[in-house]
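So the chains spell out like this:
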Amino acid sequence: MSDENENDLIAQRRQQLHELRESGNAFSNDFRRDSLAADLVAKYEEKTKEELEGEGVKVAIAGRMMSRRIMGKASFAHIQDMSGKIQLYVRRDDLPEGLYNTGFKKWDIGDIIGATGTVMKTNKGELSIHVDSIKLLTKSLQPLPEKFHGLTDQEMRYRQRYVDLIMNEDTRNTFKIRSQVVEFIRSYLNNENYLEVETPMMHVIPGGATARPFKTHHNSLDMELFLRIAPELYLKRLVVGGFERVFEINRSFRNEGLSPRHNPEFTMLEFYQAYSDYEDLMNLTEDMLRKLTTELFGSNEVTYQDDTYDLGKPFERMTVVESILKYNDAITIEDLQSLEKIKDHAQRLDIPLEDSYGLGKIQIEIFEKTVEAKLLAPTFITQYPTEVSPLARKNDSDPFVTDRFEFFIGGREIANGFSELNDPEDQAERFRKQVEEKEAGDAEAMHFDDDYITALEYGMPPTAGEGIGIDRLVMFLTDSPTIRDVILFPHMRSKASS
RNA sequence: GGGCCGUUAGCUCAGCCGGUAGAGCAGUGGAUUUUUAAUCCAUUGGUCGGGCGUUCGAAUCGCCCACGGCCCA
């Protein structure tokens, strides 16, 4: 922010900073704390005022001053650190001469301070620190939002997440839970003998999903590269290489619109295990999510947007066809097998069709339009058409569908998994179909990945793999209505400079 | 890409059938030695998102643009 844009509030604080510079090091780094706010509260809250006076526990604490109430020669202030808040009781006559009036009273809410003192309890029963020394560690030039309403402007919460994090405990909690979710999954898979790996984010051929990629350019190689849309094909190369259980938790990128459920970069867990099929992964998913909610909340009940979901009960399982029949009284099983009749239904449902769409693709369009949002309770939908599953293994008894599932909760897709297609000739044929669709104008269709076919030709053991959208899972677990609430710095348009 | 809603003090918001801007908190000055949305007295602070138009006169009405939100594609 340039000088001419600054208001009086900032100018006043900058003047204070200037005075601090004149009188010594304004940004000293010589204070060391020995305690965190929440730890002190947890440890001493149960003690009485008298007990604490008898014990005289000395502590050093540091954090951001979030509130202050000056009452003449004594003041109360709250400081906030990474663990929470604690109140300081600051008395003029307990501090070195002059510090109270020329220092503490001139500091601002938002300043970062360090203090030492004795653990005490106020008459009203709040655990506090009776301060005997206090120091300004970092001057804050920007005024914080109002204390009661905090920061509510959504745009500012996303653009200036640091202010949101200072002001809103809910925001801090969301990202703490996000961290716990990732940590849990990592340890769960490690316990299952998985190896965590990192595969390229810059791909020569974007693969592993049907989506439009971001393009970039490597200068010294003078070649076009794509940000990955999925890590899938590299992870399966590792299974070919003998890493029979691998996982990766990291970013993928899709060049699509923004919405409450879509950010251009998002985090996915993908994991692959050899000598397993999609049913094994459904069981694993169910077990992992159940243990995750137990770990996070001590229960399997999750409330999302006023509805409560019980992940303790067995998850429902239904095929794509069964689910369409269940939610569409007007459609019969015979209709679903007839291209003519299914097209009529699609038209009735206002679903735009392309000439290239086959029966399977139209089924999925109908599924997405009429079923997805209704899958509230935890549900696995299985047997996705081969036409829309170019990397999945065909079902042994019905090659029209694949051994694939997607997992839904609260009407949203959270996971996608299948028995992997490890027949190199079938895979090559599927790639050729995708290329035909790309040439027919489908920008999301896949490329032909020669090296991936070569890898399969070395032999990939029978394998099952799955991807879980971490952002959407965290949305569900933190009752967040939009993906922007679970991404620290969500993508925003550039603000026009004045 | 389309529709609807929003953008006013540092923050949270009023004001909008046109007459030139208000409150609370924060800030500043003062009182106050157990407060906690502290209290009491006084007080500073505004390109009303940007532009163009209508009008004697626009925060207010119209059009365009930017950013944000929700819904749809």
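Rules used throughout
- Residues numbered from 1 in each chain as written.
- Chains lettered and ligands numbered in written order.
- Predicted model: local features only at pLDDT ≥ 70, side-chain atom pairs only at ≥ 80, totals over all residues.
- Heavy atoms only, no water.
- Helix = DSSP H or I, 4+ residues; strand = E, 2+ residues; numbered from the N terminus.
- Buried < 20%, exposed > 50% of the residue type's maximum accessible area, 1.4 Å probe, protein only.
- Areas by Shrake-Rupley, 256 points an atom, 1.4 Å probe, with all protein chains shown as cover.
- Lys, Arg positive; Asp, Glu negative; His and termini not counted.
- Charge placed at Lys NZ, Arg CZ, Asp CG, Glu CD.
- Phe/Tyr/Trp six-rings, centres within 6.5 Å; stacked < 30°, edge-to-face > 60°.
- Pairing = 2+ DSSP bridges.
- Axes fitted to C-alpha atoms, helices over the stretch in contact; angles between N-to-C directions.
- Contact = heavy atoms within 4.5 Å.
- Near = heavy atom within 4 Å.
- Polar contact = N/O pair within 3.5 Å; in protein donor to acceptor, adjacent residues only side chain to side chain.
- Nonpolar A, V, L, I, M, F, W, Y, C, P; charged D, E, K, R; others polar.
- Parallel < 35°, antiparallel > 145°, perpendicular 65-115°, else oblique.
- Left-handed = near helix turned anticlockwise from the far one by under 90°.
- Arc of directions from axis to C-beta.
- Core = buried A, V, L, I, M, F, W, Y, C linked by side-chain atoms within 4.5 Å.
- Patch = residues over 30% accessible without salt bridge, like charges linked within 9 Å, V, L, I, M, F, W, Y side chains within 5 Å.
- Salt bridge = Lys/Arg side-chain N within 4 Å of Asp/Glu carboxyl O.

### Some words on the overall build of chain A
Consideration 1: When its secondary structure is counted, chain A shows 15 helices and 18 strands.
Consideration 2: For chain A, the C-alpha atoms occupy an extent of roughly 90 × 55 × 50 Å along the three principal directions.
Consideration 3: When burial is assessed residue by residue, chain A has 48% of its 498 residues classed as buried.
Consideration 4: For chain A, the exposed surface amounts to about 25400 Å²; the carbon and sulfur share of it is 47%.
Consideration 5: Computed over 62 positive and 88 negative side-chain charges, the separation of the two mean positions in chain A equals 8 Å.

### Topic: the packing of aromatic side chains
Consideration 1: This structure, assessed with the given rule, holds 16 aromatic pairs.
Consideration 2: With centroids separated by 5.8 Å and ring planes inclined at 20 degrees, the aromatic side chains of Tyr100 and Phe104 adopt a geometry described as stacked. For the pair formed by Tyr100 and Phe104, the shared burial category is buried.
Consideration 3: Look at Phe184 and Tyr188: their rings are 6.0 Å apart centre to centre, the planes differ by 35 degrees, and that puts the pair in the tilted class. In this pair, Phe184 and Tyr188 are both assigned in helix 7 (residues 169–191), four residues apart and thus about one turn of the helix distant.
Consideration 4: Taken together, Phe315, Phe380, Phe405 and Phe407 form an aromatic cluster joined through their ring pairs.

### Structural notes on the sheet that holds strand 1 (residues 58–71)
Consideration 1: Read once around its circumference, the closed barrel built from five strands follows the order 1-2-3-5-4, with strand pairing classed as mixed. Between one strand axis and the next, the sheet turns by 55 degrees as a mean value, whatever way the strands run.
Consideration 2: Of the strand pairs in this sheet, strand 2 (residues 74–81) and strand 3 (residues 84–91) are connected by eight bridges, and their pairing is antiparallel. What sits directly across from His78, in strand 3, is Gln87.
Consideration 3: Sheet contacts for helix 2 (residues 37–44): strand 1, strand 2, strand 3, strand 4 (112–121) and strand 5 (127–138); angle to strand 3, the most-contacted strand, approximately 80 degrees.

### Re the protein's contact with RNA strand B
Consideration 1: Around RNA strand B lies a shell of 41 residues, among which Gln12, Asn123, Lys124, Lys147 and Glu155 are the nearest.
Consideration 2: Considering the 4 Å shell around the protein, atoms of RNA strand B inside it are sugar or phosphate in 60% of instances.
Consideration 3: A distance of 2.8 Å is found between a base nitrogen of RNA strand B and a backbone nitrogen or oxygen belonging to Ile70.
Consideration 4: Top element by residues in the surface near RNA strand B is helix 5 (residues 154–159). It accounts for four residues.
Consideration 5: Residue composition of the surface near RNA strand B, by class: 14 nonpolar, twelve polar and 15 charged.

### Things to note about the side chain of Glu365
Consideration 1: Considering the arrangement of structural elements, one finds Glu365 in helix 12 (residues 359–370).
Consideration 2: Glu365 sits in the buried class, given a relative accessible area of 19%.
Consideration 3: Other than its neighbours up to four places away in sequence, Glu365 contacts Ile351 and Tyr357.

### Quick word on the packing of helix 13 (residues 424–439) against helix 14 (residues 450–458)
Consideration 1: At a closest axis distance of 9 Å, the pairing of helix 13 and helix 14 adopts a crossing angle of 165 degrees. The angle between the axes of helix 13 and helix 14 places the two elements in the roughly antiparallel class. The crossing of helix 13 and helix 14 is right-handed. Along the contact surface, helix 13 presents Pro424, Gln427, Ala428 and Phe431, while helix 14 presents Tyr452, Ile453, Leu456 and Glu457.

### Points about helix 10 (residues 320–327)
Consideration 1: Of the residues making up helix 10, those classed as buried are Val320, Ser323 and Ile324. Mapping the buried residues of helix 10 onto a view down its axis gives an arc of 100 degrees, with all of them on the same face.
Consideration 2: Contacts from the buried residues of helix 10 go to strand 14 (316–319), helix 12 and strand 15 (379–382).

### Regarding the sheet that holds strand 8 (residues 215–218)
Consideration 1: Taken in spatial order, the three strands make up an open sheet running 7-9-8, and their pairing is antiparallel. Either end of the sheet is taken by a strand with one partner, and the two such strands are strand 7 (202–203) and strand 8.
Consideration 2: Relative to strand 9 (residues 223–227), strand 8 runs antiparallel, the two sharing four bridges. Across the sheet, the residue bridging to Lys215 is Phe226, located in strand 9.

### A short note on the nonpolar core
Consideration 1: Membership of the largest hydrophobic core comes to 42 residues, with the highest contact counts inside it found for Val181, Ile185, Leu269, Phe271 and Leu473.
Consideration 2: The greatest single-element share of this core, amounting to eight residues, is contributed by helix 9 (residues 278–297).
Consideration 3: Once residues lying within four places of it in the same chain are set aside, the contact partners of Phe271 are Leu189, Tyr194, Val246, Phe247, Leu281, Leu284, Ala464, Gly465, Glu466 and Ile468.
Consideration 4: Tyr44, Ile86, Leu95 and Ile134 belong to the second largest nonpolar core, which has 25 residues in total.

### A few points about a nonpolar patch on the surface
Consideration 1: Where nonpolar side chains cluster on the molecular surface, the patch consists of Tyr162, Leu488 and Phe489 and spans about 340 Å² of accessible area.
Consideration 2: Topologically, Phe489 is positioned in the segment after helix 15 (470–477).
Consideration 3: A relative accessible area of 58% means that Phe489 is categorised as exposed.

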